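So you can see what is in the structure, the chains are spelled out below.
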Amino acid sequence: MRIMASAYQMGSHLEAVEADEQDPDRLERLYRIDHANTRIRRHAENLQVLLGRRVEDANPQTVTLVDVVRAATSAVEYYPRIRVGHVVDLAVVEFAADDVIRVLTELLDNATRFSPPTAPVIVSAFITEDGSVLLRIEDAGVGLQPDRLSQLNALLSGRLVTPATLDPAAHLGLAVVAHLAVAHQLRVTLTNRPSGGATATVLVPGALLCEIPTAGAPAGAAAPPAWPSPSAGIPSPSPGGGTHPWSTPMAAPHDSTNSPTVPLSTLAGPATAQQPSGSLPQRVPTSVRDQSAATTRPPADPGAGSPPEAWPDETAAFAAGVSDARTTSDEGQQR
């Protein structure tokens, strides 16, 4: 814990000095010191992992697989030799991102240390048929002896390996990988390449993967509701100021997936027209003072809206009602 705290403190001091440094040569040397401090911090964090203590990040977040590879590469001493191949466009969920980075870091460090100093190390990520992702790290080293290969794979699978067969100091990084692989159900395997060298594969289960988060919505934009609103699907008036969709009867068959919510007032009243099966009933516009005219007038066309001849009747009825109200009011004042 003290080593880790000192590494964090030194890192903050180095960042401040690097920000003020203008000389390119001194800045490069500062970067090398910073990189060495990063490796010291990584080793201290690995000791925490082996003690069974989770190294918590102050700001956990979902990380794309490309950024997982970049973060792992940045913590390796021989990072200039690492080449990035095809990487699928997916991300690792926030609670597992740091540990996947740590696993990949140790495997990359192991590949660069046990391969020629001029040979590249290739890392790639492919999606499998079941939705998991296979990370591959390929080096051009001398490979592994068959008996040592089986022992290391036993260690990576979580099986107990006697200390006499493996030197803990020489395989500290692989012990960290094994611990995190068991914790997150990763499947890590080492194999020899036919052309020379070794390949390390990490199978990341689909439960630890997700789509790459999209950028946030623009400021002021309304977020989409988590559940459909009761008014969802209500059509809005046409931009040109056309007729409101509720002002004319629905002649088309009812479609429950895209039907407007109709006010109860359009369904009320004793006089309704017979609509095709599955459509909403509509009121026939008739005069409330002339029910006899409604019985002799031909039925309204369902697609034509209110018939023009009904308008004078309703206007006359309105005028008559106003006249009756005024007469009643005048009689009451005279009394």
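Residues numbered from 1 in each chain as written. Predicted model: local features only at pLDDT ≥ 70, side-chain atom pairs only at ≥ 80, totals over all residues. Heavy atoms only, no water.

With an unreviewed UniProt entry as reference, the protein is termed histidine kinase, source organism Micromonospora sicca. Per UniProt, the protein has the following entry under Catalytic activity (unreviewed entry): "ATP + protein L-histidine = ADP + protein N-phospho-L-histidine." (UniProt positions renumbered as here; feature names shortened; annotations may be inferred.)

Our next topic: the overall build of the protein. The number of helices and strands found in the protein is eight helices and eight strands. For the protein, the proportion of its 335 residues judged to be buried stands at 33%. Restricting the contact set of the protein to residue pairs at least 6 apart, pairs at least 24 apart contribute 65%. Carbon and sulfur atoms make up 57% of the accessible area of the protein, which amounts to about 21,100 Å² in all. (Helix = DSSP H or I, 4+ residues; strand = E, 2+ residues; numbered from the N terminus. Buried < 20%, exposed > 50% of the residue type's maximum accessible area, 1.4 Å probe, protein only. Contact = heavy atoms within 4.5 Å. Areas by Shrake-Rupley, 256 points an atom, 1.4 Å probe, with all protein chains shown as cover.)

For the rest of this paragraph, the subject is the pairing of strand 6 (residues 187-192). The pairing of strand 6 with strand 7 (residues 198-204) spans six bridges and is classified as antiparallel. By the bridge assignment, T189 is partnered in strand 7 with T201. The hairpin formed by strand 6 and strand 7 contains five residues between the paired strands, and G196 there has a positive phi angle of roughly 110°. (Pairing = 2+ DSSP bridges.)

Glancing now at the environment of S74. Structurally, S74 can be placed in helix 3 (residues 65-74). When its relative accessible area of 42% is taken as the criterion, S74 is described as partly exposed. The sequence separation of S74 and T38 amounts to 36 residues, and the corresponding C-alpha distance is 8.7 Å.

Attention shifts here to the sheet that holds strand 2 (residues 82-87). Here we have five strands laid out as an open sheet, ordered 2-4-5-7-6, and mixed in their pairing. Of all strands in the sheet, those bounded by a partner on one side alone are strand 2 and strand 6. Strand-to-strand twist in this sheet, taken as the mean axis angle between neighbours without regard to direction, amounts to 15°. Pairing of strand 5 (residues 133-138) with strand 7, which is carried by six bridges, proceeds in the antiparallel orientation. Within strand 7, the position partnered with I137 by the bridge is A200. Against the sheet, helix 3 engages strand 2, strand 4 (121-127) and strand 5, with an angle of about 170° to strand 2. (Axes fitted to C-alpha atoms, helices over the stretch in contact; angles between N-to-C directions.)

Next up on the list: the sheet that holds strand 8 (residues 209-210). Here we have three strands laid out as an open sheet, ordered 1-3-8, and antiparallel in their pairing. A strand with exactly one partner marks an edge of an open sheet, and here the two such strands are strand 1 (63-64) and strand 8. In terms of strand pairing, strand 1 meets strand 3 (residues 91-92) through two bridges, oriented antiparallel. Paired with T64 across the two strands is A91, which belongs to strand 3.

What follows deals with the confidence of the model for the protein. Per-residue confidence for the protein averages 73 on the pLDDT scale, and 61% of its residues sit at or above 70. Taken element by element, the predicted model of the protein shows its lowest mean pLDDT in helix 7 (residues 291-296) (41) and its highest in strand 5 (97). This model gives residues 217-315 a pLDDT under 50, and the stretch forms 65 contacts once residues within four places in sequence are excluded. (pLDDT = per-residue confidence, 0-100.)

This paragraph deals with unusual backbone geometry. With glycine set apart, most residues show a phi of negative sign, and most peptide bonds adopt trans. Here Q185, not a glycine, exhibits a phi torsion of approximately 60°, which is positive. Structurally, Q185 is set in the loop between helix 6 (172-184) and strand 6.

Time to look at the layout of surface pockets. There is about 850 Å³ of room inside the largest pocket. Looking at the largest pocket, it is lined by 29 residues, and the ones nearest its centre are T38, R41, A71, S74 and A75. Top contributing element to the lining of the largest pocket by residue count: helix 2 (residues 24-50), with ten residues. When its residues are assigned to classes, the lining of the largest pocket shows ten nonpolar, seven polar and twelve charged. (1 Å grid on protein atoms, 1.4 Å probe; cavity = no way out; pocket = protein on both sides within 12 Å on 5 of 7 lines; lining within 4 Å. Points joined across faces, edges and corners; volume = space filled by probe spheres on them. Nonpolar A, V, L, I, M, F, W, Y, C, P; charged D, E, K, R; others polar.)

Let us look at the nonpolar core. If you look at the biggest cluster of nonpolar residues, it comprises 47 residues, and the most contacted ones within it are L104, L107, L108 and I137. Top element by residues in this core is helix 4 (residues 94-113). It accounts for nine residues. Non-local contacts of L108, meaning those with residues more than four positions away in its chain, are made with A72, T73, V76, I82, V121, V123 and I137. (Core = buried A, V, L, I, M, F, W, Y, C linked by side-chain atoms within 4.5 Å.)

Attention now goes to a nonpolar patch on the surface. A cluster of nonpolar side chains, contributed by L47, L50 and L172, occupies part of the molecular surface with about 220 Å² of accessible area. Assignment of secondary structure puts L50 in helix 2. For L50, a relative accessible area of 35% translates into the label partly exposed. (Patch = residues over 30% accessible without salt bridge, like charges linked within 9 Å, V, L, I, M, F, W, Y side chains within 5 Å. Salt bridge = Lys/Arg side-chain N within 4 Å of Asp/Glu carboxyl O.)

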